[in-house]
Every structure is written in structure tokens, then in C-alpha cells.
Amino acid sequence: MAFLVCSGSRSSKTFKPKKNIPEGSHQYELLKHAEATLGSGNLRQAVMLPEGEDLNEWIAVNTVDFFNQINMLYGTITEFCTETSCPLMSAGPRYEYHWADGTNIKKPIKCSAPKYIDYLMTWVQDQLDDETLFPSKIGVPFPKNFMSVAKTILKRLFRVYAHIYHQHFDSVIQLQEEAHLNTSFKHFIFFVQEFNLIDRRELAPLQDLIEKLGSKDR
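Residues numbered from 1 in each chain as written. Predicted model: local features only at pLDDT ≥ 70, side-chain atom pairs only at ≥ 80, totals over all residues. Heavy atoms only, no water.

### As for the pattern of salt bridges
Quick note on the threshold: Within this document, salt bridges are pairs made up of a side-chain nitrogen of Lys or Arg and a carboxyl oxygen of Asp or Glu, the two lying within 4 Å of each other. Secondary structure elements follow DSSP: runs of H or I no shorter than four residues count as helices, runs of E no shorter than two count as strands, and numbering proceeds from the N terminus. Throughout, exposure labels follow a simple rule: accessible area from a 1.4 Å probe, protein chains only, divided by the maximum for the residue type, with under 20% read as buried, over 50% as exposed, and the rest as partly exposed.
Inspection of every chain in the model, using the stated rule, returns four salt bridges. Notably, a salt bridge pairs lysine 110 with glutamate 96, separated by 3.9 Å at the nearest N-O pair. Within this pair, whereas lysine 110 is found in the loop between strand S2 (96–97) and helix H4 (113–129), its partner glutamate 96 is found in strand S2, the two being separated by 14 residues in sequence. Its relative accessible area of 56% is what places lysine 110 among the exposed residues. Of the residues examined, glutamate 96 reaches a relative accessible area of 36% and is grouped as partly exposed. Here glutamate 211 ties to arginine 200 by a salt bridge, and the two come within 3.9 Å at their closest N and O atoms. In this pair, glutamate 211 sits in helix H7 (residues 207–215) while arginine 200 sits in the loop between helix H6 (178–194) and H7, placing the two residues eleven residues apart along the sequence. On the basis of relative accessible area, glutamate 211 is assigned to the partly exposed category, the value being 41%. Given the relative accessible area of 58%, arginine 200 is considered exposed.

Below you can see the structure in the form of C-alpha cells.
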């Protein structure tokens, strides 16, 4: 299922979390644990691996949660992110992203931000729905390449945050969504830092913000 419907009015598009963790499953319990610890306000503590839990499963549950959060956050500003306003997928003047998924599009292509994010979120959705990569059943092992796939997903999801902050933060403020965006991004950054999931060079477009968020917690 495509992340964006290519139709006339962009404002009519709705964005809903596409990936649900089955209620009653161990992953659902982990998600509930994550939500409860987030409520404590201590994000550094909230991202830590719960005692006795499997690292792959913890990363899987949180990756699904971040996908859903970013899905909704981007959904609030789609009317401002158009082929005209964002002809390239960028994060400020120094960083531009070209899309390739290694399967359908092997050679990186230049495209608009909405098209890039369409490709990106559809690709992530496909990974999350693949039971061989993200098993939802108890006892089914994670594949050996799971960590590599999760790192690629998170690296790409970061680019949506970077685009929103650099190109659409004025719109976020206008919509009074900045607290929501900042909390979501802070949670995301503390999580990837805790498990070293994104190379520091990839984080460069938002390095100043990352340092500011981190310094507030010291």
C-alpha cells in the first residue's frame, strides 16, 4: 500500500499508522513498557533495554513506533511539502538526498521531497510487514541481517525529521506541533545513540539541535 495517494488535493490525504503490533503479544507488552517509561519524563532511561529482554525485539518494537510517529508528524505538514515548494529532498542548503532502494530503484535518483518520502515510507512499510525480517510470532528468530536492516530504516527515517526541521519548521510552529515534534525527535535520537544505530556523519544536518537536546539532559 502506497504511503501517499497521488491524487489532486494533498490536504485531503490522511496519514494513519500503518503498522500495528498485535495486542496480547510480547512485542505489544514491550511497547506498553516503553510508553509507560516515556511517561516518566526521563528519555535516557526510557530508551534503555529492559532487563532480560532481547535487543533485536526491543529495537524492532521501537522502530515500528518511530515509523508510526514520523508517519503522523509528516502527515500534519503534507499540504506545505509539495512538488513546487520542495522540488528536491533536502535538509538545508548543504544536504540533499537521492533515492535508491537497491531493488526497484538501484541507481540513486533525484526527486522531490514528497516523492522521496513516499518512496521511503513505502519501502519501510514493506520491511516492517516482512515476517522474515520483523517476526511478530513468539519463538520466531530474527534474521542475521536484522540489525543492518534496522539501521538502514532508522537512517532513512532520520531524513524525514531533518527535512521537516530544515524546510517546514515554520509550518510546524504555525500548527502548534513543535512540542510534539521535539519530543518525538529527542526520543528517536536518544534511542539511536543508546544503541549506536546511526553513523554520526548521517546526523550532521541536525547536529546542533542534537547537541542542544542532549545538553539539557546532562
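### Considerations on the UniProt feature "binding site: Zn(2+)" (unreviewed entry) in the chain
Spelled out, the test is: UniProt positions are given in the numbering used here, feature names are shortened, and annotations may be inferred rather than shown by experiment.
In the numbering used here, UniProt assigns the feature "binding site: Zn(2+)" (unreviewed entry) to Cys81, Cys86, His163 and His168. Taken along the chain, the residues just named run across 88 residues; in space they keep tight, none of their C-alpha pairs more than 9.9 Å apart. Mapping cysteine 81 onto the fold places it in the loop between helix H3 (55–76) and strand S1 (89–90). The buried category is assigned to cysteine 81, whose relative accessible area is 0%. With respect to the helices and strands, histidine 168 occurs in helix H5 (residues 146–174).

### Comments concerning H6
Test applied: Residue count minus one, scaled by 1.5 Å, sets the expected span of a helix.
The first and last C-alpha atoms of H6 sit 24 Å apart over 17 residues, in line with the 24 Å expected at 1.5 Å per residue. For H6, the complete set of buried residues consists of Leu181, Ser184, Phe185, Lys186, His187, Phe188, Ile189, Phe190, Phe191 and Val192.

### Focus: the nonpolar core
Test applied: Side-chain atoms within 4.5 Å link the members of a nonpolar core, which is a set of buried Ala, Val, Leu, Ile, Met, Phe, Trp, Tyr and Cys residues. Contacts: residue pairs with any heavy atoms within 4.5 Å of one another.
Counting 59 residues, the largest nonpolar core has Leu157, Phe158, Tyr161, Phe185, Phe188 and Ile189 as the members making the most contacts within it. Elements that contribute at least two residues to this core include exactly H3, H4, H5, H6 and H7. Ranked by residue count, the leading element in this core is H5, at 13 residues. The residues contacting phenylalanine 188, other than those within four sequence positions of it, are Phe66, Leu154, Leu157, Phe158, Tyr161 and Ile198.

### Considering the side chain of histidine 168
Residue class for histidine 168 comes out buried when judged on its relative accessible area of 3%. When residues no more than four places from it in sequence are discounted, the contact partners of histidine 168 are Ile77, Phe80, Cys81, Cys86 and His163.

### Some details on the packing of aromatic side chains
Operational definition: Each pair of aromatic rings taken from Phe, Tyr and Trp, with Trp reduced to its six-membered ring, is defined by centres within 6.5 Å and is described as stacked if the planes are under 30 degrees apart, edge-to-face if over 60, and tilted in the remaining cases.
One pass over the full model with this rule turns up 14 aromatic pairs. Judged by centre distance (5.6 Å) and plane angle (25°), the rings of tyrosine 165 and phenylalanine 169 are stacked. Taken together, the residues tyrosine 165 and phenylalanine 169, both in helix H5 and four residues apart, mark about one turn of the helix. On the basis of relative accessibility, which here comes to 11%, the residue tyrosine 165 falls in the buried class.

### Observations regarding the confidence of the model for the chain
Just so we agree on the cut-off: Every residue gets a pLDDT, meaning the predictor's confidence in that residue, from 0 to 100.
Mean pLDDT over the chain works out to 85, with 80% of the residues at or above the 70 mark. For residues 1–17, every residue scores under 50 in pLDDT, and the model assigns this stretch 35 contacts once sequence neighbours within four places are set aside.

### Looking at the environment of asparagine 145
On the secondary structure map, asparagine 145 appears in the loop between H4 and H5. Residues asparagine 145 and leucine 133, twelve residues apart in the sequence, show an inter-C-alpha distance of 8.2 Å.

### A look at unusual backbone geometry
In the Ramachandran plot, glutamine 176 falls in the positive-phi region, its phi being about 60° despite a non-glycine side chain. Here glutamine 176 lies in the loop between H5 and H6. Despite not being glycine, asparagine 196 shows a phi value in the positive range, around 55°.

### Re the environment of asparagine 68
The residue asparagine 68 is located in helix H3 in this model. Once the C-alpha coordinates of asparagine 68 and methionine 121 are considered, the two residues, 53 residues apart in sequence, prove to be 10.0 Å apart.

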